[in-house]
Every structure is written in structure tokens, then in C-alpha cells.
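Residue-level structure breakdown
Spelled out, the chains give:
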Amino acid sequence: MNRKDLLHEQVYDRVRQDEFIMRQAKALGVSRRRVLQLLTAAGAAVGTTLTPTALRRQHQVANAQTTSNDIVKSTSPEFFYQTGSNLEMRWETMYNRGYLVPNELFFVRNNNPTPRLDPAAWRVKIEGSGVSRPQSFSYDDLLSMPSVSVIRAIECAGNGRSFYETAYGRQASGTQWKLGGIGVAEWTGVPLREVIERAGVKSTAQDVLAESLDQKKVARPIPIEKAMAEDTLLVYAMNGAILPADHGFPIRLLTPGWVGIANVKWVGRIEVSESPIYTVWNTEKYILIGEDYEPEPGSPALGQIVTTQNVKSAFELQWDAELSAGKHLLRGRSWSGQGKNTRVEVSFDQGKTWQLARLREPNYSQAWVRWDIDWQARPGSYRLQARATDDQGQTQPDQVPFNQKGYLYWGVVSHPISVS
Ligand SMILES: Nc1nc2c(c(=O)[nH]1)N[C@H]1C(S)=C(S)[C@@H](COP(=O)(O)O)O[C@H]1N2
Ligand SMILES: [Mo]
């Protein structure tokens, strides 16, 4: 660095900002190497870094860009299908994109409008019979704890729900998602385990409940084993940027592989309990109810509780798609809540024959794999199918037994395409 360069305002600001970040990081116990990693991995891309001050500044900018009363980010129909306070990702926006879904394109599933929380006033309480030293942490407390970054999917339990109607001529209740109720991002935060341990978790603890601060309080329990997993996080950053308001600012829970609802946004309280916790969110909602789903004996739940996600696939194409005749490289992604997909097949003839798709790196567990396949398209109408198999040996079935609330549709989907 030439000292004269400091006369340029931008260079000067940048250098001073970096010095400030390094000083602050040092005070927080973060190594210089890690800060440089963050700066290049995430910070540089969005022009900021994960210091409390930078995060708060970014939040103010995000706040100023409010576009609708219910959802803060742009709800442009080019990006999303909107139903009420939900935004479904349009798969064509992902065509040949990178591995991660940009925050602007990430689906939103809100039970009510996005709340606007003040990080300075925000606290999370850790309490309940399962801890011996109840705690309260501020936003800055969490930011100064050791952080972890992981790449994982969040997927709504109802993703694919509309295909129950396609299969059975009978609509399951709830938002009629096609396949855009999923996204993959890099999540940064503090392991939930860290805060639970600081609260003196007892060996007898059984269930952990995260409660939210939005109007209709979400309170979905998870077992202590899931709460203590190394990638179960209290998240404050998404793809290197401050966690956007719609995705749970200031803090959300990440429970990899589990249904969307367990990834509680706008967390305000965490209860650790020595006895099993039951709320409407695991007795009435997010329950598989139907002839083929026996309730668990002795459980107050109305049916089987949905926990982990299964295997699904989608083409990076508009719904319905229109293509010109000729050679195309079709692309898509497949995912599993329980591992990673090791095989993806595509059928152009309604399942009579299947061809292997090429898988592309990276292929992270509990995220997704991108794949592609050549297609010499002749004029006509088609229903393209993709079928994935994960490393747990699970292959997408042709049929999934109906359940009233339409969760976990993981059957092979037919994507309508006309070629002219
Ligand atoms: N507090 C709160 N948390 C919530 C929800 C909500 O409405 N309120 N929706 C849940 C559901 S059903 C899903 S699928 C995911 C969606 O996360 P996203 O909106 O960040 O994509 O958040 C979950 N967490
Ligand atoms: Mo969901």
C-alpha cells in the first residue's frame, strides 16, 4: 500500500474499515486469517463484513427498501409466484446459476407479515427444566461467539403439495406449491449447542423448543439430539449478508434436513425441557394424516409428525415450458433431507426409458446437486420426468400415499413442455 493512495477517499475508507474490522475481530477473538476468509468468501461479494456495526448498517439499508406490507424484499412476479404472504421460487430463474440461491430469489414462507425487530432491543432467553443456568443473550452477544458457516437447504414440508391433486384429483389443504418451496444458502451463525451449553444443559434434557416473535407465534419443538448437532445453528447471516428481514432477522434457527417449520424465524425464546414438548405445531400442524399413516401409539399428535425431508427433483425450467425444436441442454437439481443424491435419471417418454443425467460438483449433503442432460427436442408435447436416488438408497417413487395436509410429496413429477 502506497501512502499516497490513502488520499483517494475510497481507498482510505476501505483501509480504515479493514483496520477497524481487524481490531474489532481481534477483540472478539476471531483470528486475522478467519476475517480474511470471511472478507473474500462473503464480505467482498456484498461489500461488507460480519461485524456488528456492518451488519446493523446493512439492516438499515434493507429497511429502507420496503416494497410491500407483508414482505420486505421485492416480490416481483418475474422472480416469484406469490400466494398471500408466501413467495414460491420460479425454477427458471435458477437456470445455469451457481450452487446457491441468491437472497433476492430465495422462497419465503410466512404465516403472517414479516415483523420488523430492533436488534438493539432483541434478546433470546434460554430457559426451562432442562437447563440449570437460564441465560439471556443479546444480538451482539451472539455475534461475538465462535461462528460456523454451512451450506444447507431449507425446504417447506408442503413443497410439491399441488402434485397430490395431480395424482389423486383431490386437493390437499394448504398452499398449492409446485417445486419452488426450497432454497440452498450458506448460513452463518452460532451453534445452538453453544448457547444451550452455556445455560448448563442437563443430561436429562429431552426436547428443545424455539419460539418466534411474529404475530402468530411459531413454536415447533425438536429433540435434544437435533438441537445439539454441530450444524444446527442460530443464524445471523445468509450468503454472507445480514440475515434478511423476511428470512428471520435478527436470528433464525437452521435445522438441516428437517422440514421448513423447524427452522423457526425471528427466534425470541428457547425452552429446553426434561419432558417431551407438545404444541399445536407438532400435534395438529405438520402431521401426516391419512389412511396410510398410523398415529404413533401414546402420542397426542393426530398422526405421524413430519421431521426430515425426503428426495425430490426439479428442472430449471418455466412451468409450463416452451422450447424451440433442436438440441437443448436441460438442467435441474435434486435434493435429499437425509444425505446427497448419487444418481439422477431423466425420462422423455413418461417413464418407459430412463437416461442418466450428468451430476455436477459440488454435491453437499442436505443441500442439492445440479445435473444436466442433452435433449434433441422434436416438435410436440412432452411431460419430462426426473428421478433421484440418494446415498441412503432412497429413490423417488411413482406414487406417494395421500395425506390430508399434503406434506412430503416426493413422487416423480411430470413437467409439461411444448416444443415447436
Ligand atoms: N417465526 C416463523 N418461523 C417460520 C415460519 C413462520 O411463518 N414464522 N415459517 C416456517 C416455514 S413453514 C418454512 S417453510 C420456513 C421458510 O423459510 P424462509 O421463509 O426463510 O424461506 O420458515 C419457517 N419458520
Ligand atoms: Mo413450510
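A brief structural summary. (Residues numbered from 1 in each chain as written. Chains lettered and ligands numbered in written order. Predicted model: local features only at pLDDT ≥ 70, side-chain atom pairs only at ≥ 80, totals over all residues. Heavy atoms only, no water.)

Now for the overall build of the chain. If you tally the helices and strands in the chain, you get eight helices and 24 strands. Taken over 420 residues, the chain has a buried fraction of 55%. (Helix = DSSP H or I, 4+ residues; strand = E, 2+ residues; numbered from the N terminus. Buried < 20%, exposed > 50% of the residue type's maximum accessible area, 1.4 Å probe, protein only.)

With that out of the way, let us pick up the site of ligand 1. In the vicinity of ligand 1, 19 residues are found, and the nearest of them are Phe107, Asn111, His247, Arg252 and Lys265. Aspartate 214 places a side-chain nitrogen or oxygen 2.8 Å from a nitrogen atom of ligand 1. Within the side chain of histidine 247, a nitrogen or oxygen atom sits 2.7 Å from an oxygen atom of ligand 1. For ligand 1, the protein covers 100% of the area, taking 530 Å² as the surface of the free molecule. Because more than half of its atoms lie within 2 Å of the grid, ligand 1 is assigned to the largest cavity. Counted by class, the shell around ligand 1 contains nine nonpolar, six polar and four charged residues. (Near = heavy atom within 4 Å. Polar contact = N/O pair within 3.5 Å; in protein donor to acceptor, adjacent residues only side chain to side chain. Areas by Shrake-Rupley, 256 points an atom, 1.4 Å probe, with all protein chains shown as cover. 1 Å grid on protein atoms, 1.4 Å probe; cavity = no way out; pocket = protein on both sides within 12 Å on 5 of 7 lines; lining within 4 Å. Sits in = over half its atoms within 2 Å of the grid points. Nonpolar A, V, L, I, M, F, W, Y, C, P; charged D, E, K, R; others polar.)

A separate point is the environment of lysine 405. Tracing the chain through its elements places lysine 405 in the loop between β23 (380-390) and β24 (414-419). Along the chain, lysine 405 and isoleucine 289 lie 116 residues apart, while their C-alpha atoms are 7.1 Å from each other.

Another point: the side chain of asparagine 159. Along the polypeptide, asparagine 159 turns up in the loop between β6 (148-155) and α5 (162-168). Among the residues examined, asparagine 159 registers a relative accessible area of 0% and is labelled buried. A polar atom in the side chain of asparagine 159 sits 3.0 Å from the side chain of glutamate 155. A polar atom in the side chain of asparagine 159 sits 3.3 Å from the backbone oxygen of leucine 179. Ignoring anything within four residues of it in the chain, the contact list for asparagine 159 reads Trp177, Lys178, Leu179, Gly180, Gly181, Ile182, Lys312, Trp335 and Tyr409. (Contact = heavy atoms within 4.5 Å.)

We now examine empty space enclosed by the protein. Under the definition given, this model contains three cavities of 30 Å³ or more. In this structure, the largest cavity spans a volume of roughly 260 Å³. Lining the largest cavity are 20 residues, and of these Arg109, Arg252, Gly260, Asn263 and Lys265 sit closest to its centre. Residue composition of the lining of the largest cavity, grouped by class: ten nonpolar, six polar and four charged. Contributing to the lining of the second largest cavity are 16 residues, with Trp91, Leu179, Phe315, Trp319 and His415 lying nearest its centre. (Points joined across faces, edges and corners; volume = space filled by probe spheres on them.)

This brings us to the side chain of threonine 255. In this fold, threonine 255 is placed in the loop between β12 (252-254) and β13 (267-273). Here threonine 255 is in contact with Ile222, Lys226, Thr232, Ala262 and Asn263, once residues within four sequence places are set aside.

Tallying each qualifying case throughout the model produces 15 salt bridges. Residue arginine 152 pairs with aspartate 231 through a salt bridge whose shortest N-O separation is 2.9 Å. Separated by 79 residues along the polypeptide, arginine 152 in strand β6 and aspartate 231 in the loop between α7 (224-227) and β10 (233-238) bring together distant segments of the chain. Under the relative-accessibility criterion, arginine 152 is labelled buried at 16%. Judged by its relative accessible area of 12%, aspartate 231 falls in the buried class. (Salt bridge = Lys/Arg side-chain N within 4 Å of Asp/Glu carboxyl O.)

With respect to the helices, strands and loops of the structure, proline 397 is situated in the loop between β23 and β24. Each C-alpha atom of the pair proline 397 and arginine 387 lies 8.2 Å from the other, and the pair is ten residues apart in sequence. Those residues in contact with proline 397 that lie beyond four places of it in its chain are Trp410, Gly411 and Val412.

A few words now on the sheet that holds β24. On the basis of which strands lie adjacent, the open sheet formed by five strands has the order β17-β24-β23-β19-β20 and mixed pairing. Either end of the sheet is taken by a strand with one partner, and the two such strands are β17 (321-323) and β20 (355-356). When strand β19 (residues 341-347) meets β23, the two strands line up antiparallel, connected through six bridges. When the sheet's bridge partners are listed, glutamate 345 is paired in β23 with arginine 387. (Pairing = 2+ DSSP bridges.)

What follows deals with the packing of aromatic side chains. How two aromatic rings sit relative to each other is given by the distance of their centres and the angle of their planes. This structure, assessed with the given rule, holds 19 aromatic pairs. Geometrically, the ring pair formed by phenylalanine 348 and tryptophan 375 is stacked, given 5.1 Å between the ring centres and 15° between the ring planes. Linking phenylalanine 348 in the loop between β19 and β20 with tryptophan 375 in strand β22 (residues 368-377), this pair joins segments that are 27 residues apart in sequence. One aromatic cluster is present, formed by Phe163, Tyr164, Tyr168, Trp319, Phe402 and Tyr409 through successive ring pairs. (Phe/Tyr/Trp six-rings, centres within 6.5 Å; stacked < 30°, edge-to-face > 60°.)

Most peptide bonds adopt trans geometry, and most residues besides glycine take a negative phi value. At the junction of phenylalanine 249 and proline 250, the peptide bond is cis and its omega measures out at 5° in the coordinates. Inspection of the secondary structure assignment puts proline 250 in the loop between β11 (241-242) and β12. Here the bond from tryptophan 319 into aspartate 320 is cis, since omega is -10°, no more than 30 degrees from zero. As for its placement among the helices and strands, aspartate 320 is situated in the loop between β16 (311-315) and β17. Within the chain, asparagine 96 stands out as a residue other than glycine whose phi angle is a positive 55°.

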